[in-house]
Amino acid sequence: QVQLVESGGGLVQAGGSLRLSCAASGSIFSINAMGWYRQAPGKQRELVAAIRRGSSTNYADSVKGRFTISRDNAKNAVDLQMNSLKPEDTAVYYCNADIIGRRNYSRNNYWGQGTQVTVSS
C-alpha cells in the first residue's frame, strides 16, 4: 500500500508564510508528477502547483510568484512554500502523486488526507 502523509498548514495572517510537506511511503518503484491541490468551501478542487520528476514545474496563475514547489526524489517528498499569503488562499490543501508501485509496476494516482490552511485578513 502507498500512503501520502501531509504536514504543515495552520492559521496565518495575510502576508505571512507557511510550508506544506508531503511524504509518500509504501511499496514505491518510482514517482512521476507530484503536486498540490486545494479546495475552498463551495468550490471545486483546483491545481495549485505540480512538479515532474525532472523538476519542471507549473503553477496556477493565482499563486505564481508567491508559492514555490520542490521535491526530494530520494525521500519521495514534495514541499510547497507559500509566501505572501492572502485570505483567498484559505482552503484544504491536498498532496497528489502519480506513483508506480513495486507490485506489478502498476501506475496509480494517490491523494493525501488534506491539511487546512487559513489566512486571516
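Preceding this section is the structure that the text describes.
As a starting point, this report considers the structure included with it. If you're wondering where the values come from, they're calculated on a predicted model, not measured in any experiment. (Residues numbered from 1 in each chain as written. Predicted model: local features only at pLDDT ≥ 70, side-chain atom pairs only at ≥ 80, totals over all residues. Heavy atoms only, no water.)

**Here's the deal with the overall build of the protein**
Defined as follows: Segments assigned H or I by DSSP are reported as helices when at least four residues long, segments assigned E as strands when at least two residues long, and all are numbered from the N terminus. The globule rule is 2.2 Å times the number of residues to the power 0.38, and the radius of gyration it is compared with is taken over C-alpha atoms. Exposure categories follow from relative accessible area, calculated using a 1.4 Å probe and restricted to protein chains: below 20% of the type maximum is buried, above 50% is exposed, and the middle band is partly exposed. For this analysis, residues touch if any pair of their heavy atoms sits within 4.5 Å.
Looking only at helices and strands, the protein has 0 helices and 11 strands in total. Tracing the protein from N to C terminus, the helices and strands come up as β-β-β-β-β-β-β-β-β-β-β. Relative to a compact globule of 121 residues, whose C-alpha radius of gyration would be 14 Å, the protein shows 14 Å and is just as compact. For the protein, the proportion of its 121 residues judged to be buried stands at 40%. The long-range share in the protein, meaning contacts at least 24 apart out of those at least 6 apart in sequence, stands at 57%.

**Structural notes on the layout of surface pockets**
Defined as follows: Throughout, the protein atoms alone are placed on a 1 Å grid, and a set of points is a cavity if a 1.4 Å probe fits but cannot get out or a pocket if it is open with protein on both sides within 12 Å along at least five of seven lines; lining residues have an atom within 4 Å of a point. Grid points are joined across faces, edges and corners, and a volume is the space filled by probe spheres set on the points. Just so you know the grouping, Ala, Val, Leu, Ile, Met, Phe, Trp, Tyr, Cys and Pro go in nonpolar, Asp, Glu, Lys and Arg go in charged, and all remaining residues, Gly too, go in polar.
Counted as a void, the largest pocket has a volume near 150 Å³. Along its surface, the largest pocket is lined by Gln1, Val2, Ser27, Gly101, Arg103, Ser106, Asn108 and Tyr110. Considered class by class, the residues forming the lining of the largest pocket number 2 nonpolar, 5 polar and 1 charged.

**With respect to the nonpolar core**
Put simply, the test is: Only buried Ala, Val, Leu, Ile, Met, Phe, Trp, Tyr and Cys residues count toward a nonpolar core, and they belong to the same one when joined by side-chain atoms within 4.5 Å.
In this structure, Trp36, Leu80, Met82 and Tyr93 are the most contacted members of the largest nonpolar core, which totals 30 residues. Among the elements of the structure, β1 (2–7), β3 (18–26), β4 (28–39), β5 (46–51), β7 (67–72), β8 (77–82), β9 (91–101) and β11 (115–120) are those that each provide at least two residues to this core. The dominant element in this core, judged by the number of residues it contributes, is β9, at 5 residues. In contact with Met82, other than residues within four places in its own chain, are Gly16, Ser17, Leu18, Leu20, Arg66, Phe67, Tyr93 and Val117.

**A look at the packing of aromatic side chains**
Quick reminder of the rule: A pair of aromatic rings is counted whenever rings of Phe, Tyr or Trp (Trp by its six-membered ring) have centres within 6.5 Å, and the orientation is called stacked for planes under 30 degrees apart, edge-to-face for over 60 and tilted otherwise. Whether a charge sits over a ring comes down to the Lys NZ or Arg CZ being within 6 Å of the ring centre and within 35 degrees of the ring normal.
As enumerated under the stated definition, the model contains 3 aromatic pairs in all. Pairing Phe29 with Tyr105 gives two aromatic rings, centres 4.9 Å apart and planes at 90°, and the pair type is edge-to-face. One end of the pair, Phe29, is in strand β4; the other, Tyr105, is in the loop between β9 and β10 (107–111), and 76 residues separate them in sequence. Residue classification places Tyr105 among the exposed positions, given a relative accessible area of 52%. Judged by centre distance (6.4 Å) and plane angle (85°), the rings of Tyr94 and Trp111 are edge-to-face. A residue pair is termed long-range when its members are at least 10 positions apart, and Tyr94 in strand β9 and Trp111 in strand β10 qualify at 17 residues. Taking the ring centre of Tyr94 as reference, the NZ or CZ of Arg45 above it sits at 3.7 Å. The ring of Trp111 carries the charged tip of Arg45 above its face, separated from the ring centre by 4.6 Å.

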